[in-house]
Amino acid sequence: MEKKGGQYCLEVRGLVAGYDGTPAIEGISFAIPPGQMVGVIGPNGAGKSTLFKAILGLIPRQQGEILLHDAPALDQRAMMGYLPQLEEINRAFPVSVEDVVMMGRYPRIGWCRRPGSHDDEAVRQALARVDLLDHARTQIGRLSGGQQQRAFLARVLAQDPHLLLLDEPVSGVDTTTQHAIFALLEELRNSGKTVVVATHDLNCVVERFDQVLCLNRRVIAYGPPKEAFREDTLDQTYGHHLMIVQVGDRRVVVADEHRH
Amino acid sequence: MIEFMVAPFEFGFMQRALVGGVLVAAICALVGTYVVLRGLAFVGDALAHAAFPGVVIAYLLKGNIYLGATVFAVATALGIGLVSRRGRVSYDTAIGIMFAGAFALGVLLMSTIQGYTVDLFGFLFGNVLGISRRDLLLAGLLGALVVLTVVLLYKELLLLSFDPTVAEAMGYPVQALNYLLLGLIALTIVISIQAVGIILVVALLVTPSATAYLLTERFFRMMLLGILLAVLAAVIGLYLSYYLNVASGAAIVLVSTCLFFLVLASRRLWIAAKSAPDPAK
């Protein structure tokens, strides 16, 4: 996808956001050029989900600007695809997997109109990319956790957004699904999409991501993982939630996801 | 048998009751699909009770009871949204406060009328047999408005019901759509008051749709099946009302309730039979 206008796909300037006057994140500034895969890391409560929700306008923004291709992001929300950390859905809701994926097409179809053959094709392609074509007509709640996650990812694909905001897309899914999802995200990145992923898997960030944003209520570091991951930045990001484990002569960084 | 089927409808009031009952039942089931899937049964019941003072005031002023009911039901729908949107009072508490208060106002006003009990009974429990040509026309117009809205906003209301967070993230005006849905529920209730009354309308709003929910895993089919079951209940209920000389609204509701338990029991038996070990082995 070609760039529209400016240099950046997403630009966040001086963002302060949170509920009830107590900001959960403060002074957040960063900019992402198109076609990059960015990992957002930080301990639980660091504000990763808050950051995503603020970008999407799901929680109040107290200060700052969020720009998508140099224009206010909130005016072009259909251009942002969102995968929430926990889909708070009724699993017994009477919709099939293809119905759910079709929902990603709704902003493009527009108000009061029915999906056309073009939309059916887009849904089929999205399902094929997450390997769920065989389950197109399965009721959504009958899928396993990993399959459901792929179905919701397919909804984002069907939406065909410029920017993908994925909040811990691989937490709680099996290793095979994790690899499949990351491979798919790399494909998307290579086709020009901007992919922002909140994750706990630091080693995966080092291996696969272009940039990393270390977050702990504010931006601790932002840059290519090899530069941003230093002892001091990781320490500031994770505090005592971070453990450094000696494995032979390799030092492995481990984020303790379970402590709050 | 044919005589048995046709005889009731030789009367004009029974013909109107049939048209009115079927219309009301179908629209209730259409909107009821959303009520069941979003868990809005309590809201529906509250809106129905809140319409009561509107009905009484219209009755006292000799105005149109549909108009009175609409004003109060819609105002309450908006009020519930406003009270619960911010602050520490939870959604269901806000509803409890609003509807009991409004209902009490209705009862208070009603009690100022001499010999009020007969009319009160009519509003609370409805009487589809007493539906007039004019009532039918109004119910038809309001019903058409509800159906048109659901047809036009089918996609949007489906997404809102399934995943409001993602709907909002995509830029849909979720708050406005929620109010619209409450408004549709309010209108549906207004249409139904003459037929089944304020107390029983929630049954038509949830029972046929809940029955349909047991039978299918597709949204559109649930909607159609719910409408079918509601119409069936309305027709059987009317026959019962005619031949057994019992209250029409209550008869329709009870048939609907029986259908629900029938389907629930069959489903349980079917699931048990499917999972039971094969006796031949």
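About the criteria used
- The residue numbers shown here count from 1 along each chain, following its written sequence.
- Whichever chain is written first is A, and whichever ligand is written first is 1; the rest continue in order.
- Given that the model is predicted, a residue must reach a pLDDT of at least 70 before its local features are reported, and side-chain atom pairs must reach 80 or more before they are shown or counted; all residues, however, enter totals for whole chains, interfaces and linings.
- Where helices and strands are cited, they refer to DSSP runs of H or I of at least four residues and of E of at least two residues respectively, numbered from the N terminus.
- Here the radius of gyration uses the C-alpha set of atoms, whereas the globule reference equals 2.2 Å times the residue count to the power 0.38.
- To assign burial, the other C-beta atoms lying within 10 Å of each residue's own C-beta are counted, with C-beta atoms placed from the backbone; 20 or more indicates buried, 12 or fewer indicates exposed, and intermediate counts indicate partly exposed.
- Working definition of a contact: two residues with C-beta atoms, positioned from the backbone, lying within 7 Å.
- Classification used: nonpolar for Ala, Val, Leu, Ile, Met, Phe, Trp, Tyr, Cys and Pro, charged for Asp, Glu, Lys and Arg, polar for all others including Gly.
- Where helices are involved, their axes are fitted lines through C-alpha atoms of the stretch in contact, as for all axes, and angles between N-to-C directions lie from 0 to 180°.
- Roughly parallel covers angles under 35 degrees, roughly antiparallel covers those over 145, roughly perpendicular covers 65 to 115, and oblique covers all other angles.
- By the convention used here, strands pair only if DSSP detects at least 2 bridges between them.
- The quantity called pLDDT is the predictor's confidence in a given residue, expressed from 0 to 100.
- Crossing handedness is read from the near helix: turned anticlockwise from the far helix by less than a right angle, it gives a left-handed crossing, and turned clockwise, a right-handed one.
- In a helix, the anticipated span is given by 1.5 Å times the number of residues less one.

> Hey, could you run me through the overall build of chain B in this one?
Of regular secondary structure, chain B possesses 13 helices and zero strands. Beginning at the N terminus, the succession of helices and strands in chain B can be written as α-α-α-α-α-α-α-α-α-α-α-α-α. Compactness check: chain B gives a C-alpha radius of gyration of 20 Å against a globular reference of 19 Å for 281 residues, within 12% of the reference. Dimensions of chain B along its principal axes, counting C-alpha atoms only, are 75 × 60 × 30 Å. Relative to its 281 residues, chain B shows a buried fraction of 46%. Sequence separation of 24 or more characterises 74% of the internal contacts of chain B that already satisfy a separation of 6 or more.

> Which parts of the structure should I look at to understand the interface of chain B and chain A?
Residue-level contacts link 20 residues of chain B with 19 residues of chain A. The set of elements that each furnish at least two residues to the side of chain B that touches chain A consists of α9 (154-162), α10 (164-169) and α12 (219-244) of chain B. For the side of chain B that touches chain A, the class distribution of residues is eleven nonpolar, three polar and six charged.

> Explain the packing of α9(B) against helix α11 (residues 174-215) of chain B to me, please; I cannot follow it from the model alone.
Residue and element names in this part refer to chain B. One way to put it is that α9 packs onto α11 with a least axis distance of 11 Å and a crossing angle of 100°. If you check the angle between α9 and α11, you find them roughly perpendicular. Of the residues in α11, those touching α9 at E156, L157 and L160 are V174, L177 and L181. Grouping the constituent residues of the contact of α9 with α11 by class yields five nonpolar, no polar and one charged.

> Looking at this structure, I do not really get the sheet that holds strand β2 (residues 25-32) of chain A. What am I missing?
In a beta sheet, neighbouring strands are held together by backbone hydrogen bonds and run either parallel or antiparallel to one another. All names here are of chain A. Taken in spatial order, the four strands line up as β2-β1-β4-β5 in an open sheet, and their pairing is antiparallel. Looking along the sheet, the strands with just one partner apiece sit at the ends: β2 and β5 (71-72). As defined by bridge partners, strand β1 (residues 10-17) adjoins strand β4 (residues 61-68) across six bridges and the pair is classed as antiparallel. Its bridge partner lying in β4, E11 is registered against L67.

> Would you explain the confidence of the model for chain B in this entry?
Low pLDDT means the predicted coordinates in that region are not meant to be read closely. Chain-level statistics for chain B give a pLDDT mean of 89 and a share of 95% at 70 or above. In the predicted assembly, ipTM is 0.87 and pTM is 0.89.

> When you look at the sheet that holds strand β8 (residues 194-198) of chain A in this model, what are you seeing that I'm missing?
Residue and element names in this part refer to chain A. The sheet built from six strands is open, its strands ordered β6-β7-β8-β3-β9-β10 with mixed pairing. Two strands close off the open sheet at either side, each with one partner strand: β6 (80-83) and β10 (219-223). With strand direction ignored, the average angle separating the axes of adjacent strands in the sheet is 15°. Judged from the four bridges that link them, strand β3 (residues 37-41) and β8 form a sheet pairing that is parallel. Residue pairing for β8: G39 is matched across the bridge by V197. Helix-sheet contacts for helix α5 (residues 145-159) involve β6 and β7 (163-167), and the interaxial angle to β6 is about 175°. Against the sheet, helix α9 (residues 231-238) makes contact with β3, β9 (211-215) and β10, and its axis sits at roughly 135° relative to β10, the strand it touches most.

> I tried to follow the packing of helix α4 (residues 117-129) of chain A against α5(A) on my own but got confused; where do I start?
Relative placement of two packed helices is described by the angle separating their axes and the distance separating the axes. All names here are of chain A. One way to put it is that α4 packs onto α5 with a least axis distance of 8 Å and a crossing angle of 135°. The angle between α4 and α5 falls in the class oblique. Seen along the crossing, α4 lies across α5 with a hand that is right-handed. Residue-level contacts link A122, V123, A126, L127 and R129 of α4 to A154, L157 and A158 of α5.

> What's the story with unusual backbone geometry in this structure? I'm lost.
With glycine set apart, most residues show a phi of negative sign, and most peptide bonds adopt trans. One non-glycine residue, D160(A), adopts positive backbone phi at about 55°. Mapping D160(A) onto the fold places it in the loop between α5 and β7. The phi torsion at K62(B) lies on the positive side, around 55°, for a residue other than glycine. Structurally, the position occupied by K62(B) is in the loop between α4 (52-60) and α5 (65-85).

> Before we go on, may I ask you to explain the pairing of β9(A) in this structure?
Each regular strand displays side chains that alternate between the two surfaces of the sheet. All names here are of chain A. A large share of β9 lies buried, amounting to five of its five residues. Relative to β9, β3 runs parallel, the two being bridged by four bridges. By the bridge assignment, G39 is partnered in β9 with V212. Sheet topology places β9 next to β10; four bridges connect them, and they run antiparallel. For V212, the partnering residue across the bridge sits in β10 and is G223. Between β9 and β10, which pair antiparallel in sequence order, lie three residues; one of them, R217, sits at a positive phi of approximately 65°.

> Just to check I follow, could you spell out the environment of E3(B) for this structure?
All names here are of chain B. Tracing the backbone through its elements, the reader meets E3 in helix α1 (residues 2-6). Using a count of 6 C-beta atoms within 10 Å as the deciding quantity, one classes E3 as exposed. Separated by 156 residues in the primary sequence, E3 and L159 have C-alpha atoms spaced 48 Å apart.

> Hey, could you run me through α5(A) in this one?
Since one α-helical turn is 3.6 residues long, residues separated by three or four positions face the same way. Residue and element names in this part refer to chain A. Taking 1.5 Å of rise per residue, 15 residues should cover 21 Å, and α5 covers 22 Å from first to last C-alpha, within 8% of that figure. The buried fraction of α5 is high, at twelve of 15 residues. Looking at the buried positions of α5, the neighbouring elements they touch are β6, α2 (97-103), α3 (106-109), α4, β7 and α6 (175-190). One or two positions beyond α5, positive phi appears at D160, with a value near 55°.

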